[in-house]
Amino acid sequence: MLSYQHSYHAGNFADVHKHVILSLLLQSLNKKSKPWSYFETHAGAARYDLTAEQALKTGESKEGIARVYQQSLPGLFAPYINLIKALNSAFPTLKIYPGSPLIASDAAREQDQISLMELHPGEHQLLKNVFKHQQNVAVHNRDGFEGVGSLMPPKPNRGLVLVDPSYEVKTEYLQVVKFIEKSYRRWSNGSYVIWYPLLKAGNHHDMLHKLKKSGIRKILKAELLVKSATDERMYGSGMLIINPPWQLDQQLQIVHELLYKYLAEQTAELPEVEWLVPE
């Protein structure tokens, strides 16, 4: 959606959940010397000022990254937290928050390739400015589903796709399913990471059901709930990982336990890490 700007929500609990998992996936790719390809369907601006007017208007980072930033966390969190600390080294308090493109570029090596799609003209320009000196990052002003789909299968032929629409329109849930089915047929050995909001309306259930019946194997579901499921606002964050690396499910059990401890209200149900579709 061209109306959506992530700067209002940067650093919220869903960002923390999504970005810790993304960081783990990228670190797993780096365990091998072979190059990888990284794609985003809805990249955003990549770098966010948490003291800017838009971020302060909602104050969502106070219930997200601000709660975990200074905590003593295990090594699983290190690449994510270390990047945030590096971005804020010149400031007395937490000011800059990285979007997923910046997390990917921080993990990328010289041989790795990053392709970012962003349709919003303002967000696209900000994104372009962040990466104007990086040879291995391509920034595209085009529809994310169409743009990433046109690049399948990629070279290098290992890597992942982050699918992260705003879901402001209900049809985006079905768009995600169609995009995944089509892309998977062309690049079945890639990993696909789908973020989705947990809302009272429950529109994500149909998306999960369709993906479960799609014939695609190895789909891991990870949901972090921070409020009661009856809350009128977003009460949780969901992630689907298709073709996850070995032992990611075990790592996510640890991650979710700690994120629940620091981010969840007492009314929130416990987090879930389970196989939507096993191998």
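The structure reproduced in this document is the subject of the present report. All of these numbers come straight from a predicted model, not from anything done at the bench. (Residues numbered from 1 in each chain as written. Predicted model: local features only at pLDDT ≥ 70, side-chain atom pairs only at ≥ 80, totals over all residues. Heavy atoms only, no water.)

A look at the nonpolar core
Argument step 1. The biggest cluster of nonpolar side chains holds 93 residues, and the ones touching the most others in it are Leu26, Tyr38, Ile65, Ile180, Ile194 and Met207.
Argument step 2. Once residues lying within four places of it in the same chain are set aside, the contact partners of Met207 are Tyr167, Tyr173, Val176, Val177, Ile194 and Tyr196. (Core = buried A, V, L, I, M, F, W, Y, C linked by side-chain atoms within 4.5 Å. Buried < 20%, exposed > 50% of the residue type's maximum accessible area, 1.4 Å probe, protein only. Contact = heavy atoms within 4.5 Å.)

Re the packing of aromatic side chains
The geometry of an aromatic ring pair is captured by two quantities: the separation of the ring centres and the angle between the planes.
Argument step 1. In total, this model carries seven aromatic pairs according to the counting rule given.
Argument step 2. A centroid spacing of 4.5 Å and a plane angle of 35° characterise the contact between Tyr167 and Tyr173, whose relative ring orientation is tilted.
Argument step 3. For the ring pair Trp187 and Tyr192, a centre distance of 6.1 Å and an interplane angle of 70° mean the geometry is edge-to-face.
Argument step 4. Looking at Trp187, the relative accessible area reads 1%, which means it is buried.
Argument step 5. Residue classification places Tyr192 among the buried residues on the basis of a relative accessible area of 0%.
Argument step 6. A network of ring pairs unites the aromatic residues Phe39, Tyr184, Trp187 and Tyr192 as a single cluster.
Argument step 7. Above the ring of Trp195, the side-chain terminus of Lys18 is found at 5.3 Å from the ring centroid.
Argument step 8. Its guanidinium or amino end placed over the ring of Phe91, Lys95 lies 5.6 Å from that ring's centre, counting from NZ or CZ. (Phe/Tyr/Trp six-rings, centres within 6.5 Å; stacked < 30°, edge-to-face > 60°. Lys NZ or Arg CZ within 6 Å of the ring centre and 35° of its normal.)

Things to note about helix H6 (residues 121-130)
Argument step 1. Taken residue by residue, H6 has Glu123, His124 and Leu127 as its buried positions. For H6, the buried positions fall inside an angular range of 100° around the axis, keeping them on one side.
Argument step 2. Residues of H6 that are buried sit in contact with strand S2 (47-49), helix H5 (100-107), strand S4 (113-117) and strand S5 (137-140). (Helix = DSSP H or I, 4+ residues; strand = E, 2+ residues; numbered from the N terminus. Arc of directions from axis to C-beta.)

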